[in-house]
Amino acid sequence: MTIRRRNWIIAAGVFAAVLVAGVWIAASIIMARIEPYARQTAVRYLSQRFNSDVELRALRLRLPKVSLLHLILTLGHGAVARIEGDSLTMRSKDRPGAPPLFSIHTFSGEVSLDSLLHPPVQVSVVTIDGMEIKIPPRGERPSLGSSPHASNTDKEQDKDKDKKDAKSPSVSFARIQIKNAALVMQPKDPTRTPLRFEIANLLLQSVRPGAPMKYDVSLRNAKPPGHIHAIGTFGPWSTEDPGDSPVTGDYTFDNADLGVFNGIAGTLHSTGHFEGQLEALKVNGEASVPDFRLKRSGNPVPLMTHFNALVDGTNGNTILQPVQATLGSTHFTTSGGIIKHQQHQPRVISLDVNMPDGNMHDILRLAMKGSPFMEGRLTLKTKLDIPPLSKKVRDKLILDGTFTVLDGKFVHSTIQDHLDSFSKRARGQADDPGTPSAVSHMSGEFHLENAALHFKRVSFGVPGANLNLHGDYNLDTDALNFDGALRLQATVSELVTGWKSFALKAVDRLFEKRGAGTYLEIQIDGTSKDPNFGVVIAGKKIDVPIHKN
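Thresholds, definitions, all that
- Residues numbered from 1 in each chain as written.
- Predicted model: local features only at pLDDT ≥ 70, side-chain atom pairs only at ≥ 80, totals over all residues.
- Heavy atoms only, no water.
- Helix = DSSP H or I, 4+ residues; strand = E, 2+ residues; numbered from the N terminus.
- Contact = heavy atoms within 4.5 Å.
- Pairing = 2+ DSSP bridges.
- pLDDT = per-residue confidence, 0-100.
- Phe/Tyr/Trp six-rings, centres within 6.5 Å; stacked < 30°, edge-to-face > 60°.
- Buried < 20%, exposed > 50% of the residue type's maximum accessible area, 1.4 Å probe, protein only.
- Polar contact = N/O pair within 3.5 Å; in protein donor to acceptor, adjacent residues only side chain to side chain.
- Salt bridge = Lys/Arg side-chain N within 4 Å of Asp/Glu carboxyl O.

**Things to note about the side chain of Ser245**
Now for step 1: You can see Ser245 is positioned in the loop between strand 8 (226-234) and strand 9 (246-257).
Now for step 2: Here Ser245 is in contact with Phe234, Pro236, Trp237, Ser238, Gly276, Gln277 and Leu278, once residues within four sequence places are set aside.

**Concerning the pairing of strand 2 (residues 80-92)**
Now for step 1: In the sheet, strand 1 (residues 52-62) pairs with strand 2 via ten bridges, with the strands oriented antiparallel. Looking at the pairing, Asp53 lines up with Arg91 of strand 2.
Now for step 2: In the sheet, strand 2 pairs with strand 3 (residues 102-112) via ten bridges, with the strands oriented antiparallel. Across the sheet, Thr89 pairs through a bridge with Ser103, a residue of strand 3.

**Re the confidence of the model for the protein**
Now for step 1: Summing up the model confidence of the protein, the mean pLDDT is 75 and the portion of residues at 70 or higher is 73%.
Now for step 2: Overall, residues 144-168 carries pLDDT values under 50, and its contacts beyond four positions in sequence, including any with other chains, amount to twelve contacts.

**Looking at the packing of aromatic side chains**
Now for step 1: As enumerated under the stated definition, the model contains four aromatic pairs in all.
Now for step 2: Between the aromatic rings of Phe403 and Phe446, the centroid separation amounts to 6.0 Å while the plane-to-plane angle is 50°, which identifies the pairing as tilted. One end of the pair, Phe403, is in strand 19 (residues 398-410); the other, Phe446, is in strand 20 (residues 440-449), and 43 residues separate them in sequence.
Now for step 3: With a relative accessible area of 6%, Phe446 lands in the buried category.
Now for step 4: On the numbers, 5.7 Å between centres and 45° between planes, the contact of Phe455 with Phe482 is tilted.

**Section: helix 5 (residues 360-367)**
Now for step 1: Here helix 5 has its buried residues at Met360, Asp362, Leu364 and Leu366.
Now for step 2: Regarding helix 5, its N-cap is Asn359, as a side-chain oxygen of that residue lies 2.9 Å from the backbone nitrogen of His361 further along.

**Some points on the pattern of salt bridges**
Now for step 1: Enumeration according to the criterion identifies ten salt bridges in this entry.
Now for step 2: Residues Asp291 and Arg293 are paired through a salt bridge, measuring 3.5 Å at the closest nitrogen-oxygen approach.
Now for step 3: On the basis of relative accessibility, which here comes to 25%, the residue Asp291 falls in the partly exposed class.
Now for step 4: The class for Arg293 is partly exposed, based on a relative accessible area of 27%.
Now for step 5: Where Arg457 meets Glu445, a salt bridge forms, and the shortest distance between an N and an O atom there is 3.9 Å.

**Quick notes on unusual backbone geometry**
Now for step 1: The phi dihedral of Ser87 falls on the positive side, at around 55°, and the residue is not glycine.
Now for step 2: Along the chain, the position of Ser87 falls in strand 2.
Now for step 3: According to the relative accessible area criterion, Ser87 is partly exposed, its value standing at 29%.
Now for step 4: The backbone phi angle of Asp407 is positive, close to 55°, even though this residue is not glycine.
Now for step 5: Residue class for Asp407 comes out exposed when judged on its relative accessible area of 54%.

**A look at the environment of Ala451**
Now for step 1: Relative to the helices and strands, Ala451 resides in the loop between strand 20 and strand 21 (452-462).
Now for step 2: When the C-alpha atoms of Ala451 and Tyr473 are compared, they prove to be 8.9 Å apart, with 22 residues separating the residues in sequence.

See the structure below:
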């Protein structure tokens, strides 16, 4: 080998070594910088996308298992890297010191390497574990753009900002999988409890700026416990006012246990559709509770509803537009609101109930233990209020309303026997054993509070007799306490037979008052199952024994 050829070989070897060393050094420099660059790109994107101050504790880039030389020569084309991060928070620039708008415990994803160098950045799959989104109250939410009253300096700064935003990185996500998340709607009043939605799993698809994303969410509702599944679209995200972000979806709510609430029990199933913005959702659907019951009575009566509601997501207030409901065979409508006022207190319920033609059997079966003691048709209008008190539902329930009962008849009770006897005597037919059972009607005005039912007025009628009463009925003890007047068609002497009738003719005129054959002041006490009747004469009650036929 000639000296000249040997020198060329040595020179070529040195050149190759230098080239390899240079490539290695360049690759090392690039790899040392690509991770900080990826972190800087992520922080800049999130900061500009959500107008937020972004903090990211750590971000790690896991490169594919290929040679560094290959990555350098191909500029990362076709290579996918894995990104992992910890402790990501975003705080609104407009609300310094406020809780983070977003906070993420850990996240990971796959990103195209060449897209990092040549945006838009393309992320195929992102997995997030532990995320909380806090939506500030209206009036305190972050805003973008200049105010119409801004100074020229402010407007120039906004123009500079717009130019900077135009150069901001663009990122698109094919899919985002989120586990253990929570959406928190913060109320304006700090004394109120934020509305919190716990989300077990959430899948988002086609996530890119300025476009709605598809979602599929599954969660376990806290109260009442049950499984919720919903699919729909969300967005585009309104950075200026997150509560205005549009959302649509269809949901199912299965096996919700109502027994966690005081006073009621049953298993709820509901399906429906919702659309609108986060803070103003229109919801329509139906719900059924085939075994709905009050814990006090324990008698199940099927309940079905078709509803339309307006839900304010900023505070959880719900306005019920007329809800069509069926309890057993009884149809009724309700409207009103479910409002939360105080922190750590239940919601206040205020509803108007209209029952034009109800079945007394359904109502009493729900409300009382054992078999209903009365049947008939019920017309009811009432205002229902449940204030946020630490009592059972039945004890804190407040009702104000009017009612009418037609074709009423008491069953499985001595009351109907008493009424039949009254009716016969009232018509002067005390000795007629063939007279059919009396059919009654009632109407009145009532107020219920603290499990005590106060009747401001009650008109109660059977053939030949009419009672006008006022008084109280205690739901806990079943105790009656009524005063009023009894008007009979017959005179006093016609109420009895035989020699007693003849003897009483002399006093008929004393009791013939106000157009009645007999007018008596009466008192009723005892219980609904076994009432006691008495006539008040000279301020003293005289019990009137009335026996079964």
